[in-house]
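Chains, contacts and geometry: an overview
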Amino acid sequence: MTTLAIPGQWMSAANTGRHKLMLNLYMLIVIGHWAEHIAQAIQVYVLGWPLPEARGVLGIPFPWLVTSEWMHYGYALLMLIGLIVLRHGMVGRARTWWNISLGIQVWHHLEHLLLLLQALTGNNLFGRPVPTSLIQLLIPRLELHLFYNALVFVPMVVAVYFHLRPNAAERAAMGCSCAAPTKA
C-alpha cells in the first residue's frame, strides 16, 4: 500500500516544492547534452575532423558513448520522462509550449527506439549497414540529431521562460515557487 503512494508523492513533490530543483537539474542535463552535440558539430565543420573521430567532449575519453544505441536511447527516454514528470508543474502558456516539446520528444524517442531495436536484432532498415532512423534516410545522423534536439529544445526554453515569468492568472495557478518575484 505504501509503495503505491510513493510515485504519487514523488510526482507531487517534483511539481510543487521541488519543481524548481527538478527543473534546474533537468535543464542542466539538457544543456550538457546540447554541448556534446555542438562540440561534435564544431569538430566536424570547424576543425575538419572526420566524423568517426568527432565524438564530442565525453566521447573523446569514452568513445563507446557515441556508438552506444543504449546510451542514446537512454537519454531519449530520460528526456521523455522528464518532460512528462515536469509537465504537471507547468501552467498556461508554459504548459502549451512544454506540450509541444513533449510531442516532438515522443517522436524523437520512437526514432531512438527504432535504432535500438535494429542494434539489438542486427536487422537494419532497408539493408543499411548500420541502424538507421526513418528521417535519417533523408538527413545524415549528425545533422538530424542537431535538428531533433533543436526542435525539442526551443519550445522547452520558451516554456521555461513563460514558467519563470507567468502572468497573474498563471502565477495564481502555479503550485511551485519557480516564478520570479513580482515587481512592487
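The structure presented is a predicted model; accordingly, all values stated were derived computationally and were not measured.

**A closer look at the overall build of the chain**
When you go through the chain residue by residue, the secondary structure sums to seven helices and zero strands. What you see in the chain, going N to C, is helices and strands ordered as α-α-α-α-α-α-α. When the backbone C-alpha atoms are referred to their principal axes, the chain occupies close to 60 × 45 × 30 Å. A total accessible area of about 10,500 Å² is found for the chain, and carbon and sulfur atoms account for 73% of it.

**Re the packing of helix α4 (residues 69–87) against helix α5 (residues 92–121)**
Contact geometry for α4 and α5: axes closest at 8 Å, N-to-C directions at 155°. Taken together, α4 and α5 sit at an angle that is classed as roughly antiparallel. Relative to α5, α4 is oriented so that their crossing is left-handed.

**Observations regarding the confidence of the model for the chain**
Where the model shows low pLDDT, its predicted coordinates should not be examined in detail. Put simply, the chain has an average pLDDT of 89, and 91% of its residues get 70 or more. Within the chain, the element-level pLDDT minimum falls on helix α1 (residues 2–14), averaging 58, and the maximum on α5, averaging 96.

**Thoughts on the packing of aromatic side chains**
Taken as a whole and judged by the stated rule, the model has four aromatic pairs. Between the aromatic rings of W34 and F153, the centroid separation amounts to 5.7 Å while the plane-to-plane angle is 65°, which identifies the pairing as edge-to-face. Here W34, found in helix α2 (residues 19–45), pairs with F153, found in helix α6 (residues 141–164); they are 119 residues apart in sequence, far enough to count as distant. When the ring of F147 is compared with that of Y148, the centres are 6.4 Å apart and the planes differ by 35°; the resulting orientation is tilted. Of the residues examined, Y148 reaches a relative accessible area of 5% and is grouped as buried.

**Points about the environment of T16**
Tracing the backbone through its elements, the reader meets T16 in the loop between α1 and α2. Each C-alpha atom, one on T16 and one on I60, is 39 Å from the other, the two residues being 44 residues apart in sequence. Setting aside residues up to four positions removed in sequence, T16 forms contacts with G175, C176 and S177.

**Quick notes on the side chain of H163**
Mapped onto the fold, H163 is located in helix α6. The buried category is assigned to H163, whose relative accessible area is 1%. Engagement of the side chain of H163 in a polar contact is seen with the side chain of H19, the distance being 3.2 Å. For H163, the contacting residues outside a window of four places in its chain are H19, L23, G89, M90, A94, M174, C176, C178 and A179.

**Focus on unusual backbone geometry**
Unusually for a residue other than glycine, F126 sits at a positive phi of about 55°. Turning to its location among the elements, F126 is positioned in the loop between α5 and α6.

Parameters and conventions
- Residues numbered from 1 in each chain as written.
- Predicted model: local features only at pLDDT ≥ 70, side-chain atom pairs only at ≥ 80, totals over all residues.
- Heavy atoms only, no water.
- Helix = DSSP H or I, 4+ residues; strand = E, 2+ residues; numbered from the N terminus.
- Areas by Shrake-Rupley, 256 points an atom, 1.4 Å probe, with all protein chains shown as cover.
- Axes fitted to C-alpha atoms, helices over the stretch in contact; angles between N-to-C directions.
- Parallel < 35°, antiparallel > 145°, perpendicular 65-115°, else oblique.
- Left-handed = near helix turned anticlockwise from the far one by under 90°.
- pLDDT = per-residue confidence, 0-100.
- Phe/Tyr/Trp six-rings, centres within 6.5 Å; stacked < 30°, edge-to-face > 60°.
- Buried < 20%, exposed > 50% of the residue type's maximum accessible area, 1.4 Å probe, protein only.
- Contact = heavy atoms within 4.5 Å.
- Polar contact = N/O pair within 3.5 Å; in protein donor to acceptor, adjacent residues only side chain to side chain.

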